[in-house]
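# Examining the three-dimensional arrangement
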Amino acid sequence: MIDLDMRLLRSFVSVATERNFSRAAERLACSQATVSLRIKSLEEILGRKLFNRSYHLVELSVAGKELLPHAQIILDHHDALFDKMRSGKVAGSVSLGIAEDYGEPFLSRLMRVIDSSFPGIELNVTCAMSIRLQKLLESRKLDLAIVTLPNQRERSTLLSRPKLVWVSSGDYVVDRKKPWPMAFYSEGCAFRAAAEAALKREGHAYREVLTTGSGEAIKSAVSSGTAITVMAEGIVPYGFSVLQREAGLPELPESCIQLVEREDGLSKAAQQVKVSIMKLLGVSADHPAAYQA
């Protein structure tokens, strides 16, 4: 029977999420060499290659894609059990905001963990654009919010710095004679702002075929093969393709996904939700990128 160290699975999930060994190491508050060694050990134990690696790119192999959802479930149950045993009864209402482009599939995992391990916590979730969630935090209508913004805010914990990528359907045909057909979120979206700045900087003609506040509407437009959009690397839906630099589109910057807290402090229930979020996302409690002002 194979005995797997949870650190091996946690490192695997972090690399799979970040698509980058260095950023995964930052998440786990350890060295890149340690993460690489853990992945190598896990591949040796399983007898299968989990990642396809090149100089600039780390992608899940077929075996890695097969392992990822199971590894997430194992870690979720492991962490929820230990949290439940340590914390005793925690009760209260917690209002959490999650950015429109980040809620799936993370939200279902979080709600399942809170419901099974902390039945006394009443979790109320609002999905909206990051700029809207930031305003709700400032008005104290939210306790916590997972947002994507250009820079890290006060009273926040950095969750990830994924690179932004251009995304299309698998059968999208590049036609450089026509303006790029874009599906964007409404004004105020950090992804939209980064894309527009890059396109204007390099003089690319584009037209907005869709402007919306709905992530599902954007996915529909992209899957139709008539539009492209911008997403964070690591959360590109199955069946979509990342357009490489050779397609002719400009390079995009990193984004800043962060967990922001309300200014007047968190209740015990909200603190537990924060801990659960960090564990589900593989962010160490010793993460060096927490900013408290």
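Above this text is the structure in question.
Below or above, wherever it landed, is the structure these notes cover. Since the model is a prediction, treat every value here as computed from it, not as a measurement. (Residues numbered from 1 in each chain as written. Predicted model: local features only at pLDDT ≥ 70, side-chain atom pairs only at ≥ 80, totals over all residues. Heavy atoms only, no water.)

### Remarks on the pattern of salt bridges
Pairing is possible between side chains of opposite charge, provided their charged atoms come close. A full pass over the atoms with the stated rule returns 14 salt bridges. A salt bridge links Glu233 to Arg23; its shortest N-O distance comes to 3.5 Å. Pair noted here: Glu233 is in the loop between strand S10 (229-232) and strand S11 (240-242) and Arg23 is in helix H2 (residues 21-28), with a separation of 210 residues, a long-range link. The residue Glu196 makes a salt bridge to Arg192 at a minimum N-O spacing of 3.3 Å. Note that Glu196 and Arg192 are positioned in helix H7 (residues 190-201) at a spacing of four residues, about one turn of the helix. On the basis of relative accessibility, which here comes to 5%, the residue Arg192 falls in the buried class. Each of Glu187, Arg192, Glu196 and Glu208 takes part in a single network of salt bridges with overlapping partners. (Salt bridge = Lys/Arg side-chain N within 4 Å of Asp/Glu carboxyl O. Helix = DSSP H or I, 4+ residues; strand = E, 2+ residues; numbered from the N terminus. Buried < 20%, exposed > 50% of the residue type's maximum accessible area, 1.4 Å probe, protein only.)

### Observations regarding the packing of aromatic side chains
Counted under the stated rule, the structure contains three aromatic pairs. Arranged with centres 6.4 Å apart and planes meeting at 70°, the rings of Phe184 and Tyr206 form a pair that is edge-to-face. With Phe184 in strand S8 (residues 180-185) and Tyr206 in strand S9 (residues 206-212), this pair connects stretches of sequence that are 22 residues apart. On the basis of relative accessibility, which here comes to 22%, the residue Tyr206 falls in the partly exposed class. Through a chain of ring-to-ring contacts, three or more aromatic side chains come together here, namely Phe12, Phe21 and Phe51. (Phe/Tyr/Trp six-rings, centres within 6.5 Å; stacked < 30°, edge-to-face > 60°.)

### Thoughts on the nonpolar core
A general tendency of soluble globular proteins is for nonpolar side chains to be buried together. By size, the foremost hydrophobic cluster in this structure holds 30 residues, and its most contacted members are Leu164, Trp166, Met182, Ile228, Val230 and Leu249. Those elements that provide at least two residues to this core are strand S7 (164-169), S8, H7, helix H8 (215-223) and S10. Setting aside its immediate chain neighbours within four residues, Met182 contacts Trp166, Leu199, Tyr206, Arg207, Glu208, Val209, Leu210, Ile228 and Leu249. Core analysis: the second largest hydrophobic core is formed by 29 residues, Leu110, Ala269, Val273 and Ile277 among them. (Core = buried A, V, L, I, M, F, W, Y, C linked by side-chain atoms within 4.5 Å. Contact = heavy atoms within 4.5 Å.)

### Side note on the environment of Tyr206
A sequence separation of 24 residues divides Tyr206 from Met182, and the C-alpha atoms of the two residues are 6.9 Å apart. Excluding its chain neighbours within four sequence positions, the residues that come into contact with Tyr206 are Pro179, Trp180, Met182, Phe184, Glu196, Leu199 and Lys200.

### What about the sheet that holds S11?
Here we have three strands laid out as an open sheet, ordered S10-S7-S11, and antiparallel in their pairing. In the strand order of this sheet, the two ends are held by S10 and S11, each with one partner. On average, adjacent strands in this sheet sit at an angle of 50° to one another, irrespective of strand direction. Sheet topology places S7 next to S11; three bridges connect them, and they run antiparallel. The partner of Val167 across the bridge, within S11, is Val242. (Pairing = 2+ DSSP bridges. Axes fitted to C-alpha atoms, helices over the stretch in contact; angles between N-to-C directions.)

### Quick look at the pairing of strand S6 (residues 156-160)
Across the five residues of S6, five count as buried, placing the element largely inside the fold. One ladder, built from four bridges, connects S6 with strand S12 (residues 256-261); its direction is antiparallel. Residue pairing in the sheet places Ser156 in a bridge with Val260 of S12.

### Re H7
For H7, spanning twelve residues, the distance from its first C-alpha to its last is 16 Å, which sits close to the expected 16 Å at 1.5 Å a residue. Of all the residues in H7, the buried ones are Ala190, Phe191, Arg192, Ala194, Ala195, Glu196, Ala198 and Leu199. Where H7 is buried, its residues meet strand S5 (144-149), S7, S8, S9 and S10. Phi turns positive, to about 70°, at Gly203, one or two residues after H7. (Expected span 1.5 Å × (residues − 1).)

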